[in-house]
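# Coordinate inspection notes
What follows is the residue order along each chain.
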Amino acid sequence: MNETLFTQLVDLTAGAMLLTAVLILWRRELAVIVRVFALQGLALAGLVAVLAAHEDSGELWAIAVGIGVLRAGVLPYLLRRALAVAARRETAPLVNVAASLLAAAVLMMLAYVVSAPLVSLAPSPATRAIPVGVAVVLIGFFVLVTRRRALSQVVGFLLLDNGITAVGFLTTAGIDLAVEIGVSLDVLLAVLVLQLLTTRMREAFGDTDLDGLRELRD
Amino acid sequence: MMILTPILVPLLAALVFALAGWRRSTVWLGVGSAAAMLSLGVVAAMSVVTTGPHDAGPLRIDALSAFMLIVIGAVALIAAVATPAHLRAEITAGRDTARTATRHSVLVHLFLAAMAMAVLAADLGLLWVAIEATTIVTAFLVGQRRSRAGVEAAWKYVVICSTGIALALLGIIVLNHAARHAAGGPLSLDLAELGAAAAGLDGDVTRIAVVLLIIGFGTKAGLAPLHAWLPDAHSQAPAPVSALMSGVLLSVAGYAILRVKVISDVALGAGFARALLAVMAIASLAVAASLLLAQRDYKRLLAYSSMEHMALVALGAAIGTPLALAAVLLHILGHGLVKASLFVGAGRILQVTGTSRIAAQAQPVTANPGSVGLLVVDGVRGLAARQPLLAGGFGFGVLALIGFPPFSVFASELGIVRAGFAAGLGWATAAALVLVLVIAAALVSHTSRMLLGEPPDTTDTSSLPATTAVAIGAALLACALIGIATGPLTTLIDLAADTAMGVR
């Protein structure tokens, strides 16, 4: 793969990740959010695949396939299953859509400022895409704290995680394989736990609007 | 093989519980496994003191990890001794069944194994995986009661802690990036290797990594700003689990911060982590003090007090002199013992009285005319007259917690404060001291309302189970003994403080 094509493909997949993150911030229907999240999983898998092709590493190819299966297949499937029993729409997030999109713009600028030292430490086409990963992390964090539906919060957490994974591969083309497997397992487990809790929450509260969570406060 | 045993023992116990279930023959297995962990910790400490750190693949044991193993073993032993009586009472009351008791035991042992792995990990990545594993395992323990409050606490716990720990992962990735491009050639994430060669790391990148790592692991340690999960999780978990979470889980996360600080001090100078930790410590103390003043729930009272003590640990780490770090380690041990005994006591009080509220005044609460049909639950009061032994244990526990001599918390708090003034962190230390005094006053006034006064007219005379009394008494006695003389622990604590300073 020549260098120009590599740069373009990295930018394309990273750009797709950012675009899907913004779309998740924009849309309110949970079914759409889950579908967009699956697309982001595909973009992440694509990004790793591009890196794998560039480095010509079989290990990375295997990881790319694993990421695709987990983040574009298994996780969206679990979310959809939770959706079948939960509410359909993100009603009244704490911050409205227009303000959220503005916030996303600010977060992106923040991401560029914060990750400048990471890029300048080892400039390359891959590391130059790091700010995009950081922006996805920040947008995920934003979704997590401003959404009220339990399922939207899970999506926010997963966005955050996709961003972190992207940064991980962009910086070093993958940390230790063992750590990578541990991380993926942990994400899967955390989502399983959260899914279980969503079901229990519905049993206990009747809905998964976190406004119902008002029993424990000081 | 030797290093692996503290992880294998609880794993094996979990397996036995999973296969055999909670029955008469397995009731005391938990005590056996905890005692084995404690003695393995002691053996490991002795061998480390005489021959230095050992390596075994992805695991390493040095003085600091050996000390943490002893803390985990000691607190686990207290919780394990109190567990059978707790579960028996819950089963009698119909809140638990043999099945949930089995699940409880399996999860607790997996939790112990994960904590042992966290302190033995040689590698920052493995440390992270182990700490994340504790979150997942304990989430089920927190949400064991499928009540609204239980589910809510578990949800907050998983969401906030997973997010915090995800930030720590980002920190590890960034640190790894810096390590790969270090001035003296690429480094791995091995803690000792990084600590030794951290001077070659790029400053700007390492700074981002350290902030993410300290905030991330600080979440799990219950430090502000991401502390909101702590009071809920601690108040909703079953008593022996609260004892473990408060007594050791928080300090295992604190241990991770100490390890990060070693790297940060070499790469960025001592000032950076010091400023960050001091700010987080004062903020946590302020939050704990403000929420303790009007607290009406005694399990939350204990939870906020844990926040206070982890803030003191963070402050001691910020000071960072050998005296401060030795005091921090002593504080971790003393707080673990006292808090475990208090949570065991609180669990028993909850079983006896059926409420986790503290009575507002000496007068019983009168029903609000508007809320007809609403059950007005009077809080706990006059416990000393009804349950003298339990009340005595709880009262002494609170005294130990606020730092009365001869308990070791007195010695360690004094050590941290002295070190703080000596090291030029006078303002932060003075502010912390004022907040600690406010918290102590709040604790004493709330506890006295619980223990003293006219008891409500109940004919309940259930006596304190002998094992519960032993657990509470032994923990307090151990804390007092350590406070009087640390004895052979002194060498280990000094060595561990050296490790936390980055000297090997």
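Note that the coordinates shown come from a computational prediction; the quantities given were computed from them, not determined experimentally.

Broken down by element type, chain A carries 8 helices and 0 strands. Across chain A, helices and strands are ordered from the amino to the carboxyl terminus as α-α-α-α-α-α-α-α. Across the 218 residues in chain A, those meeting the buried criterion constitute 46%. Considering only intrachain contacts with a sequence separation of at least 6, the fraction spanning at least 24 residues in chain A is 73%.

Many authors give the size of an interface as the accessible area that is lost as the parts come together. With 36 residues of chain A at the contact, the number on the chain B side is 35 residues. Broken down by element, the side of chain A that touches chain B gets its largest block of residues, 14 residues, from helix H8 (residues 177–205) of chain A. Residues of the side of chain A that touches chain B, tallied by class, amount to 24 nonpolar, 5 polar and 7 charged.

Residue and element names in this part refer to chain B. Packing of helix H3 (residues 63–92) against helix H4 (residues 98–120) brings their axes to within 11 Å, and their N-to-C directions diverge by 175 degrees. What the angle tells us is that H3 and H4 run roughly antiparallel. On the side of H3, the interface is formed by Ser65, Met68, Leu69, Ile72, Ala76, Leu87 and Ile91, while H4 contributes Ala101, His104, Leu112, Met115, Ala116, Val119 and Leu120. For the contact of H3 with H4, the class distribution of residues is 12 nonpolar, 2 polar and no charged.

For the rest of this paragraph, the subject is the environment of Ala153 of chain B. On the secondary structure map, Ala153 of chain B appears in helix H6 (residues 148–180). In this structure, the C-alpha to C-alpha distance between Ala153 of chain B and Val210 of chain B, residues 57 residues apart in sequence, is 29 Å. Apart from residues no more than four positions distant in its own chain, Ala153 of chain B is found in contact with Leu216 of chain A together with Val142, Gly143, Asp232, Ala233 and Gln236 of chain B.

Next up on the list: helix H2 (residues 30–55) of chain A. Taking 1.5 Å per residue, 26 residues should reach 38 Å; H2 of chain A reaches 37 Å between its end C-alpha atoms and fits that length. Just downstream of H2 of chain A lies Asp56 of chain A, where phi reads positive at about 55 degrees.

A few words on the UniProt feature "transmembrane region" (unreviewed entry) in chain A. Residues and elements named next belong to chain A. The UniProt record annotates "transmembrane region" (unreviewed entry) at residues 6–26, 33–54, 60–79, 91–114, 126–145, 157–175 and 181–198. Secondary structure content for residues 6–26 is 100% helix and 0% strand, while the C-alpha to C-alpha distance between its ends is 30 Å. Taken end to end, residues 126–145 is 80% helix and 0% strand, and its first and last C-alpha atoms sit 30 Å apart.

On to the packing of helix H16 (residues 408–422) of chain B against helix H17 (residues 426–451) of chain B, then. Residues and elements named next belong to chain B. Running from N to C, H16 and H17 cross one another at 150 degrees; their axes reach a closest spacing of 7 Å. Accordingly, the angle class assigned to the pair H16 and H17 is roughly antiparallel. Classified by chirality, the crossing of H17 by H16 is left-handed. Together, Val417, Gly420 and Phe421 of H16 and Gly426, Ala428, Thr429 and Leu433 of H17 make up the contact between the two elements. When its residues are assigned to classes, the contact of H16 with H17 shows 4 nonpolar, 3 polar and no charged.

The next subject is the nonpolar core. Within the largest apolar cluster, 283 residues are counted, with the highest numbers of intra-cluster contacts made by Phe67, Val75 and Ile78 of chain B. Ignoring sequence-local partners within four residues, the contact set of Ile78 of chain B consists of Ala243, Ala340, Ser341, Val344, Ala471, Ala474 and Ala475 of chain B.

The next point concerns helix H9 (residues 229–236) of chain B. Residues and elements named next belong to chain B. In terms of residue burial, H9 counts as a mostly covered element, since 8 of its 8 residues are buried. Burial in H9 covers these residues: Trp229, Leu230, Pro231, Asp232, Ala233, His234, Ser235 and Gln236. Against the buried residues of H9 lie helix H5 (124–142), H6, helix H10 (239–268) and helix H12 (298–319).

Conventions used here
- Residues numbered from 1 in each chain as written.
- Chains lettered and ligands numbered in written order.
- Predicted model: local features only at pLDDT ≥ 70, side-chain atom pairs only at ≥ 80, totals over all residues.
- Helix = DSSP H or I, 4+ residues; strand = E, 2+ residues; numbered from the N terminus.
- Buried ≥ 20, exposed ≤ 12 C-beta atoms within 10 Å, placed from the backbone.
- Contact = placed C-beta atoms within 7 Å.
- Nonpolar A, V, L, I, M, F, W, Y, C, P; charged D, E, K, R; others polar.
- Axes fitted to C-alpha atoms, helices over the stretch in contact; angles between N-to-C directions.
- Parallel < 35°, antiparallel > 145°, perpendicular 65-115°, else oblique.
- Expected span 1.5 Å × (residues − 1).
- UniProt positions renumbered as here; feature names shortened; annotations may be inferred.
- Left-handed = near helix turned anticlockwise from the far one by under 90°.
- Core = buried A, V, L, I, M, F, W, Y, C linked by C-beta atoms within 7 Å.

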